[in-house]
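An overview of the molecular structure
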Amino acid sequence: MSASRILIADDDPLLRALLVHRLTADGYEVATAENGSQALEAVAQQQPDLIVLDALMPVMDGFEVLRRLKGGGLSDAPVIMLTALKREQDIVGALQLGAADYLVKPFIPDELGHRVRRLLQMGKPAEEGSRDRRPA
């Protein structure tokens with residue numbers, strides 16, 4: 001079984017490095033993008049299983065990336081918004097655009113790891129041996 005692919009899209013190089021280190025330690029393949037345009041290119045080329053997306057990036061912000069991913073049908077991968085924006089309208093807006101989760105910076109890296117794992121597990125089909133068996 002191959003490792004899940006995760007795309008980190010954030011303009012902060014130190015945060016990208018932290019997330020790459022944290023998620024590769026968990027066994028994931030991790031790619032990065034430093035702006036919204038690069039994020040869309042990476043999604044098209046690499047087809048990640050999950051995307052961690054900052055809202056405030058140059059070239060194209062994360063909300064526009066999310067709009068194009070979900071509204072344009074470019075990817076069905078779950079998206080975790082990881083951003084400093086904590087206003088209700090930003091959170092609700094991201095969820096309405098199709099984000100699967102929203103985490104406000106500063107954040108706890110282990111919490112992000114658990115959210116990533118949960119979303120990836122939700123998208124995997126049930127194992128053959130774990131299906132409900134009903135008596136005949």
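In what follows, the structure referred to is the one given above.
So, here's what we can say about the structure.

Cut-offs applied
Residues numbered from 1 in each chain as written. Predicted model: local features only at pLDDT ≥ 70, side-chain atom pairs only at ≥ 80, totals over all residues. Heavy atoms only, no water. Salt bridge = Lys/Arg side-chain N within 4 Å of Asp/Glu carboxyl O. Helix = DSSP H or I, 4+ residues; strand = E, 2+ residues; numbered from the N terminus. Axes fitted to C-alpha atoms, helices over the stretch in contact; angles between N-to-C directions. Parallel < 35°, antiparallel > 145°, perpendicular 65-115°, else oblique. Left-handed = near helix turned anticlockwise from the far one by under 90°. Contact = heavy atoms within 4.5 Å. Buried < 20%, exposed > 50% of the residue type's maximum accessible area, 1.4 Å probe, protein only. Nonpolar A, V, L, I, M, F, W, Y, C, P; charged D, E, K, R; others polar.

**Details of the pattern of salt bridges**
All told, the structure shown has twelve salt bridges when counted by the stated rule. Among the ionic pairs, E34 bridges to R16, the shortest N-O distance being 3.8 Å. Of this pair, E34 sits in the loop between β2 (29–33) and α2 (36–46) while R16 sits in helix α1 (residues 13–25), and the two are 18 residues apart along the sequence. Because the salt bridges share partners, they merge into one network encompassing D101, E111, R115 and R118.

**Some words on the environment of G123**
Position of G123 relative to the elements: it lies in helix α5 (residues 109–123). Taking the C-alpha atoms as reference points, G123 and A77, separated by 46 residues in sequence, lie 8.7 Å from one another.

**Digging into the packing of helix α3 (residues 62–71) against helix α4 (residues 88–97)**
Geometry of a packed helix pair, given as the angle between the helix axes and the separation of the axes. Between α3 and α4, the least distance of the axes is 9 Å, while the angle of their chain directions is 20°. Our classification of the angle between α3 and α4 gives roughly parallel. For α3 against α4, the interelement crossing comes out left-handed. Where α3 abuts α4, its residues F63, L66, R67 and K70 lie against D90, A94 and L97.

**Section: unusual backbone geometry**
At the junction of K105 and P106, the peptide bond is cis and its omega measures out at -5° in the coordinates. Positive phi values are uncommon outside glycine, yet Q47 reaches one of about 45°. Within the secondary structure layout, Q47 lies in the loop between α2 and β3 (50–53). By relative accessible area, Q47 is classed as exposed at 56%. With a phi close to 70°, V59 is a non-glycine residue in the positive phi region. Note that V59 resides in the loop between β3 and α3.

**Overview of the side chain of D90**
Residue placement: D90 occurs in helix α4. In this structure, D90 is in contact with F63, L85 and Y102, ignoring residues within four places of it in sequence.

**Section: the packing of α1 against α5**
Their axes nearest at 11 Å, the elements α1 and α5 cross at an angle of 55°. One way to sum up the angle between α1 and α5 is to call them oblique. Crossing geometry of α1 relative to α5 is assigned as right-handed. For the pair α1 and α5, contact is made by L18, L19, R22 and L23 and by P109, D110, L112, G113 and V116, respectively. Considering only residue class, the contact of α1 with α5 consists of six nonpolar, one polar and two charged.

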